[in-house]
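Understanding the architecture of this molecule
These are the residues of each chain, in order.
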Amino acid sequence: MADNDFDIQYVANLARIALSPEEEGKLSTQLGDILGYVKKLEELDVTGVEPMAHAVPMANVLRADEVQPSISQEAALANAPRQANSLFVVPKIVE
Amino acid sequence: MLHELTLCGLAAKLDAREVSAREAMQACLDRIDAVDGRVSAFMSVDRDDALGQADAADAALAKGATHAGQPLLGVPVSMKDLFCIRGQPANCSSKILGDFRSPYDGTVVRKLRDAGAVLFGRVNMDEFAMGSSTENSAFGRTHNPWDLERVPGGSSGGSAAAVVAQECFGSIGTDTGGSIRQPAALCGCVGLKPTYGRVSRYGVVAFASSLDQVGPLARDVRDSAVLLGAMAGHDPRDSTSVPTEVPDYVAGLGGDLKGIRLGLPREYLIDGIDPGVRAAFDEAVKQCEALGAEIHEVSMPHTEYGVATYYIVATAEASANLARFDGIRYGDRVDGDDPFSLYCNTRGRGFGEEVKRRIILGTYVLSSGYYDAYYLRAQKVRTLIKRDFEQAFESVDALITPTVPAPAFKAGEKMDDPLQMYLSDIFTISCNLAGTCGISLPCGFTGDPKLPIGLQILGKPFEESRLLQIAHAYEQATPWHRERAVL
Amino acid sequence: MEYEAVIGLETHCQLKTNSKMFCGCANEFGAEPNTNVCPVCLGMPGVLPVPNERALQLTALTGYLLNCEVPGFAKFDRKNYFYPDVCKDYQITQYDFPSTTTGQVDFEFGGGIERVRITRAHLEEDVGKNNHFAQHSGVDFNRAGVPLLEIVSEPDLRSADMAYEYLNSLKDILIYGGVSDCDMEKGMVRCDVNISVRPKGGSELGVKVEIKNMNTFSGVRRAINYEVPRQIETLEAGGTLVQETRRWDDVAGITESMRTKEHAHDYRYFPEPDLMPLKPDEAWLAEVRSQIVELPLARKQRFAKDYGIPAQDADVFVGNVPLGGFFEQAIEGASNPKAIANWVINNLQARLTETGTTIGDLKFEPSAIRELVAIIDTGTISSTGGQEVFAELFENGGSPAAIVEDRGLAQVSDSGELDKWCQEAIDANPGPADDFRNGKENAINFLKGQVMKASRGKANPQVVGETLAKLLKG
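Residues numbered from 1 in each chain as written. Chains lettered and ligands numbered in written order. Predicted model: local features only at pLDDT ≥ 70, side-chain atom pairs only at ≥ 80, totals over all residues. Heavy atoms only, no water.

Tallying secondary structure elements over chain A gives three helices and two strands in all. Its C-alpha atoms give chain A a radius of gyration of 22 Å, more than 25% over the compact-globule value 12 Å for 95 residues. Each principal axis of the C-alpha distribution contributes one length, and for chain A these read about 55 × 45 × 25 Å. Within the span of chain A, comprising 95 residues, buried residues form 45% of the whole. In chain A, 40% of the contacts between residues at least 6 apart in sequence involve partners at least 24 apart. With the model as given, the accessible surface of chain A reaches about 4,700 Å², and the carbon-plus-sulfur share is 49%. When the 7 positive and 15 negative side-chain charges of chain A are each reduced to one mean point, those points stand 8 Å apart. (Helix = DSSP H or I, 4+ residues; strand = E, 2+ residues; numbered from the N terminus. Rg over C-alpha atoms; globule rule 2.2 N^0.38 Å. Buried < 20%, exposed > 50% of the residue type's maximum accessible area, 1.4 Å probe, protein only. Contact = heavy atoms within 4.5 Å. Areas by Shrake-Rupley, 256 points an atom, 1.4 Å probe, with all protein chains shown as cover. Lys, Arg positive; Asp, Glu negative; His and termini not counted. Charge placed at Lys NZ, Arg CZ, Asp CG, Glu CD.)

Glancing now at the overall build of chain B. Along its length, chain B carries 15 helices and eleven strands. For 487 residues, the compact-globule formula gives about 23 Å, and the C-alpha radius of gyration of chain B, at 21 Å, lands near that figure. Taking all 487 residues of chain B together, 69% fall into the buried category. Considering only intrachain contacts with a sequence separation of at least 6, the fraction spanning at least 24 residues in chain B is 76%.

What follows is about empty space enclosed by the protein. Residue and element names in this part refer to chain C. Under the counting rule described, the total for this entry stands at nine cavities of 30 Å³ or more. Reported here for the largest cavity is a volume of approximately 120 Å³. Forming the walls of the largest cavity are 17 residues, and the residues nearest its centre are Phe22, Val40, Pro49, Lys88 and Glu125. Of the residues in the lining of the largest cavity, the class split is eleven nonpolar, one polar and five charged. (1 Å grid on protein atoms, 1.4 Å probe; cavity = no way out; pocket = protein on both sides within 12 Å on 5 of 7 lines; lining within 4 Å. Points joined across faces, edges and corners; volume = space filled by probe spheres on them. Nonpolar A, V, L, I, M, F, W, Y, C, P; charged D, E, K, R; others polar.)

Residue and element names in this part refer to chain B. A cis geometry characterises the amide bond from glycine 154 onward to serine 155, with omega recorded as 10 degrees. As for its position among the elements, serine 155 is in the loop between strand 3 (118-123) and helix 5 (157-164). In the segment running from aspartate 448 into proline 449, the intervening peptide bond is cis, with an omega of 0 degrees. Mapped onto the secondary structure, proline 449 falls in the loop between strand 10 (437-445) and strand 11 (452-459).

Across a sheet, strands are paired by hydrogen bonds formed along the backbone, either parallel or antiparallel in direction. Residue and element names in this part refer to chain B. Reading across from one edge, 1-3-2-4-6-5-10-11-9-7-8 is the order of the eleven strands in this open sheet, with mixed pairing throughout. Strand pairing shows two members of the sheet lacking a second neighbour, strand 1 (42-44) and strand 8 (294-298), which therefore form its edges. Adjacent strand axes in the sheet meet at a mean angle of 35 degrees when their direction is disregarded. Where strand 9 (residues 398-402) meets strand 11, five bridges bridge the pair, whose relative direction is antiparallel. (Pairing = 2+ DSSP bridges. Axes fitted to C-alpha atoms, helices over the stretch in contact; angles between N-to-C directions.)

All names here are of chain C. Most of strand 8 (residues 147-153) is tucked away, with seven of its seven residues classed as buried. Burial along strand 8 is two-sided: the residues Pro147, Leu149, Ile151 and Ser153 and Leu148, Glu150 and Val152 are all buried. In this sheet, strand 8 lies alongside strand 1 (residues 3-14) in antiparallel orientation, the contact comprising five bridges. Its bridge partner being in strand 8, histidine 12 is matched across the sheet by glutamate 150.

Let us look at the confidence of the model for chain A. Chain-level pLDDT for chain A is 91 on average; 94% of the residues reach the 70-or-more range. Within chain A, helix 3 (residues 73-77) of chain A carries the highest mean pLDDT (96), whereas helix 2 (residues 21-38) of chain A carries the lowest (91). (pLDDT = per-residue confidence, 0-100.)

On the chain C side, the residues contacting the 36 residues of chain A number 58 residues. Put simply, chain A and chain C have zero salt bridges between them. Inspection of the region where chain A meets chain C yields 23 residue pairs in polar contact (both at pLDDT 80 or more). Breaking the side of chain A that touches chain C down by element, the ones donating at least two residues are helix 1 (8-14), helix 3 and strand 2 (87-91) of chain A. Among the elements that line the side of chain A that touches chain C, the one with the most residues is strand 2 of chain A, at five residues. Residue classes in the side of chain A that touches chain C are distributed as 20 nonpolar, nine polar and seven charged. (Salt bridge = Lys/Arg side-chain N within 4 Å of Asp/Glu carboxyl O. Polar contact = N/O pair within 3.5 Å; in protein donor to acceptor, adjacent residues only side chain to side chain.)

Generally speaking, soluble globular proteins have nonpolar side chains that are buried together. Ranked by internal contacts, the top residues of the largest apolar core, which has 283 residues, are Leu72, Leu112, Phe128, Ile172 and Ile360 of chain B together with Ile151 and Tyr166 of chain C. Apart from the residues within four sequence positions on either side, tyrosine 166 of chain C is in contact with Leu9, Val105, Phe107, Val116, Ile118, Ile151, Ser153 and Leu157 of chain C. Tyr307, Phe317, Ala330 and Val389 of chain C belong to the second-largest nonpolar core, a separate cluster that totals 34 residues. (Core = buried A, V, L, I, M, F, W, Y, C linked by side-chain atoms within 4.5 Å.)

Counting residues at the interface gives 68 residues for chain B, matched by 52 residues for chain A. A combined buried area of about 5,300 Å² lies between chain B and chain A, and 71% of that area is made up of carbon and sulfur atoms. Among the residues of chain B in contact with chain A, Ile360, Tyr364 and Arg377 of chain B are the three that bury the most area, contributing 12% of the side total. There are three salt bridges connecting chain B and chain A. The residue glutamate 353 of chain B makes a salt bridge to lysine 26 of chain A at a minimum N-O spacing of 2.9 Å. (Buried area = accessible area lost by both parts, 1.4 Å probe.)

The next thing to look at is helix 11 (residues 400-407) of chain C. Residue and element names in this part refer to chain C. All of the buried residues along helix 11 are Pro400, Ile403 and Val404. Buried residues along helix 11 cover an arc of 100 degrees about the axis, so they all sit on one side. Every exposed residue of helix 11 that faces more than 90 degrees away from the buried side is listed here: Glu405 and Asp406. The elements touched by buried residues of helix 11 are helix 9 (366-377) and helix 10 (383-396). Backbone geometry just downstream of helix 11 places glycine 408 in the positive-phi region, at approximately 60 degrees. (Arc of directions from axis to C-beta.)

Looking now at the pattern of salt bridges. Tallied over the full model, the rule gives 59 salt bridges over all chains. For glutamate 272 of chain C, the salt bridge identified is with arginine 78 of chain C, shortest N-O distance 2.9 Å. Taken together, the residues span a long stretch of sequence, with glutamate 272 of chain C in the loop between strand 13 (270-271) and helix 4 (282-289) and arginine 78 of chain C in strand 2 (residues 77-80) at a distance of 194 residues. Each member of the pair, glutamate 272 of chain C as well as arginine 78 of chain C, carries the same accessibility label: buried. The partner of arginine 302 of chain C in a salt bridge is glutamate 294 of chain C, and the shortest N-O contact between them spans 2.6 Å. A relative accessible area of 23% places arginine 302 of chain C in the partly exposed class. Connected via shared salt-bridge partners are Lys26 of chain A together with Glu353, Glu354, Arg357 and Arg358 of chain B.

Before going further, it helps to examine the side chain of serine 153 of chain C. Residue and element names in this part refer to chain C. Within the secondary structure, serine 153 sits in strand 8. Accessibility expressed as a relative area gives 6% for serine 153, which makes it buried. Setting aside residues no more than four positions away along its own chain, serine 153 makes contact with Gly8, Leu9, Val116, Arg117, Ile118, Thr119 and Tyr166.

Residues and elements named next belong to chain B. With respect to the element layout, leucine 291 can be found in the loop between helix 8 (275-290) and strand 8. It is 9.5 Å that separates the C-alpha atoms of leucine 291 and glycine 255, two residues lying 36 residues apart in sequence. Leucine 291 has contacts with Asp256, Leu257, Lys258, Ala473, Tyr474 and Ala477, leaving out every residue within four places of it along the chain.

Turning our eyes to something else, we now look at the side chain of glutamate 4 of chain C. By the secondary structure assignment, glutamate 4 of chain C is in strand 1. With residues up to four places along the chain from it excluded, the contact list for glutamate 4 of chain C reads Arg158, Ser196, Val197, Arg198, Pro199, Lys200, Gly201 and Gly202 of chain C.

Evaluated as defined, the whole model comprises 33 aromatic pairs over all chains. For the pair tyrosine 364 of chain B and tyrosine 374 of chain B, a centre-to-centre distance of 5.7 Å together with 55 degrees between the ring planes defines the contact as tilted. Of this pair, tyrosine 364 of chain B sits in helix 11 (residues 353-366) while tyrosine 374 of chain B sits in helix 12 (residues 372-395), and the two are ten residues apart along the sequence. For the pair tyrosine 364 of chain B and tyrosine 374 of chain B, one class covers both residues: buried. Taking the centre distance of 5.7 Å and the plane angle of 75 degrees together, the rings of tyrosine 375 of chain B and phenylalanine 270 of chain C count as edge-to-face. Of the two residues, tyrosine 375 of chain B is situated in helix 12 and phenylalanine 270 of chain C in strand 13; the pairing between them involves two chains. Judged by its relative accessible area of 0%, phenylalanine 270 of chain C is buried. Taken together, Phe100, Phe128, Phe325, Tyr330 and Phe351 of chain B form an aromatic cluster joined through their ring pairs. Sitting over the face of the ring of tyrosine 267 of chain C, lysine 79 of chain C holds its NZ or CZ atom 4.4 Å from the ring centroid. Positioned above the aromatic ring of tyrosine 164 of chain C, the side-chain terminus of arginine 221 of chain C is 3.6 Å from the ring centre. (Phe/Tyr/Trp six-rings, centres within 6.5 Å; stacked < 30°, edge-to-face > 60°. Lys NZ or Arg CZ within 6 Å of the ring centre and 35° of its normal.)

Okay, structure coming up:
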């Protein structure tokens with residue numbers, strides 16, 4: 001299993017969470033402990049074992065292609081921290 | 001006093017028109033005024049809305065509605081702060097949701113309303129259901145009604161405390177790794193985690209999608225059966241909801257344990273269980289035997305891998321589920337010059353420490369180069385854990401274990417050692433990984449201080465009825481469910 | 001050294017469903033911003049997706065149309081990335097078990113038939129649309145959750161023109177199959193282009209450049225035509241290429257490196273726990289297969305071969321499926337498909353265009369065109385008369401025979417009457433008659449014209465010519 005001294009800044013950036021230097025230090029240590037603990041799983045031979053993604057196996061759970069009412073524009077935007085012209089306003093996206 | 005009644009006791013009086021729904025609701029509000037300053041189970045109560053719902057129930061009763069048709073008609077039930085109720089906040093005990101108000105009703109909310117319940121008050125929880133003590137709430141901790149210095153368990157700690165403090169007649173929580181059963185054990189009430197797929201997750205803010213399940217916390221087994229019956233059933237809005245019949249859980253109660261085979265998993269009876277808990281558990285096993293149950297030792301060899309598996313699977317799913325809290329469409333926003341910094345600032349400020357820890361862990365175990373070693377392996381071990389259950393259930397009808405290795409601990413005791421906190425979930429976690437059902441009910445108290453101890457019964461998938469029947473037989477033969485915390 | 005371009009395309013097209021992929025909001029273009037939205041497609045807390053069965057059928061159908069495998073097991077996965085238009089900050093897609101794999105598309109190019117292999121065609125949800133303003137951007141989620149098929153080709157394309165033709169063929173196939181309207185104006189088709197170059201004939205792949213989010217086929221062609229020489233020139237000048245994403249600037253006509261993002265992409269795919277896997281069974285697949293249609297290229301080849309019509313005419317019937325269908329009904333049992341094709345294309349299509357109507361609005365049966373051509377061929381009416389019959393058919397319907405009868409359009413070949421008209425024409429025009437007798441053969445045409453005039457067009461011109469000659473030569 002992988003090395004435990006993972007790059008906290010890289011992972012925090014992937015998760016889009018700003019951390020203070022203190023938080024980085026503390027989390028690094030704690031997550032190092034936790035990752036050290038989960039290494040336990042290496043003890044098991046899982047050759048040929050199917051991975052389990054769902055607790056109760058089912059398949060083909062689908063819905064008919066029918067239009068249902070949408071919510072109002074007002075309701076859609078009601079929680080927006082910032083809106084204008086009926087759009088959710090965000091800082092300028094440079095594509 | 002009205003607030004002392006069980007849910008079924010209240011329903012009977014409402015049905016007989018001996019009390020009104022408004023009186024029942026008012027009794028809860030009065031009780032909250034009297035004790036919640038110390039317990040802090042409730043985050044908010046919309047009193048006008050609550051009394052309005054109660055009046056509507058009274059109007060229905062006046063028109064001849066019955067509890068045979070609507071078993072919860074006029075019954076005040078509190079909700080963990082992660083259920084979406086149209087027009088109401090759902091903060092998940094986090095700062096990040098800000099002044100969010102749900103634009104829709106979740107399915108459980110709709111079903112409880114259809115059953116006549118008065119859904120009032122949002123109760124405290126660990127932020128986004130991540131925790132075992134309700135200390136990880138951005139709105140302050142909840143206190144254990146038996147000892148205010150101690151935690152009520154978590155993450156549905158507000159639900160358990162509110163039920164035990166008699167501030168509501170039942171509460172709806174969620175259980176991802178023990179979040180209903182563990183606080184029920186630590187506070188001394190009944191907590192039921194249904195089989196995965198039994199109750200719809202639509203409208204429940206997700207923590208770990210393949211593990212989360214909604215369930216009731218209540219004063220006794222019968223109350224739990226009524227609440228489960230009102231919530232269970234297939235929901236086309238939840239693709240993981242299972243289309244099986246919902247039996248009449250209340251009608252299934254009664255009788256003894258003759259012919260019931262109960263399994264004692266060897267691996268659960270480990271060193272390190274609190275002696276008081278162990279003694280109460282051993283006594284409970286004897287009681288079950290006395291009621292006619294056959295006790296068999298069984299082996300569940302992968303039990304010790306449950307916590308490690310859980311913390312990979314749950315955090316991985318959570319890392320994606322909680323990505324949407326980004327400050328764009330709802331919730332608190334902390335601005336930035338570009339979307340990237342807006343996200344980092346919003347989430348860095350809005351999430352609490354435990355949530356950050358788990359999101360980062362979950363992000364890591366899914367990241368390029370680590371997926372196979374962590375996530376894929378955990379999914380495979382999850383298969384092995386499920387097989388343990390399947391094999392055990394070949395020879396027994398249900399398993400009995402302590403719910404938690406130790407009674408409620410003091411607030412702050414484990415906050416700096418997350419791994420120790422995680423390990424305290426060792427008995428409840430496997431049930432979620434396997435997807436089956438489990439219940440915790442009181443089975444005694446420690447001596448000094450007097451703290452509740454929980455007995456856990458784990459059943460076969462979709463056999464909640466059997467689980468409730470066993471729990472009911474035990475409960476009726478013991479005095480524990482009649483004990484009340486003094487506040 | 002000579003280089004060759006190695007090009008692969010990822011083509012995204014919106015599926016033609018009534019509702020979105022995972023919720024019941026309308027799949028509709030052009031609504032007011034944020035009106036075709038609900039808690040599910042806005043990524044509100046607590047919501048869950050439920051897949052649209054029609055979208056899965058259309059995906060499998062596309063698989064069949066592109067000669068793909070449609071495996072018995074597929075699933076959805078989460079692709080994690082933060083972007084303002086991604087409502088949950090993950091996109092539901094299919095990662096390691098897509099609904100269709102390994103197919104191919106044959107298309108006409110450079111006078112022959114080319115083949116591009118298809119790696120996979122998988123289903124995902126579209127994202128919202130970002131609008132950009134001076135200081136800020138604004139997001140409209142109407143498009144979020146629209147079912148999107150991503151068709152990934154192998155790097156089998158070798159030029160901009162070839163890529164362009166492939167895209168057009170793909171578009172025709174999708175429109176044919178009723179899978180997508182492929183309306184470029186509405187952004188229903190978008191492409192990512194992967195381009196590298198290598199020494200001609202080599203087998204190794206060069207450093208790959210991706211040009212993302214192209215929304216016109218001509219843009220794709222221009223971008224490749226810019227990018228390939230750029231890469232070759234860089235290599236020839238001794239430079240090295242970096243694997244990167246570049247942006248096509250349509251105004252300047254150049255590609256440019258996108259500012260390297262401070263953070264690498266790591267999509268952290270994992271199985272979508274909210275959705276169950278897909279295990280299409282034989283009955284379900286049979287239902288999908290019943291919706292398979294003939295593809296454009298096959299249709300063109302069949303029309304040309306079976307009906308002996310020119311490639312140009314076959315193209316018309318490929319481009320206009322209902323017209324082609326009408327043609328096929330019209331020629332049942334006919335001996336002259338080519339003439340029928342002419343009538344259908346030159347007259348019928350023209351009138352439909354002029355009047356803004358469709359095949360469905362016609363007041364006559366396809367067999368009427370067959371009859372019309374037959375009575376022209378047998379000389380019952382002239383082609384001028386045929387025009388009149390067709391005009392009447394188009395206006396009021398009916399059968400050609402009845403119209404000929406009603407309007408007295410049948411040609412007169414009866415010798416008695418013709419003899420009379422011819423003799424009158426000769427008598428009335430002695431000059432041209434003499435000219436003819438004196439060996440000026442063309443002079444007969446004037447007399448013929450006079451007879452046709454007298455018969456009000458009903459005389460059979462061929463018989464008139466023969467009669468006049470007979471009388472004049474006496």
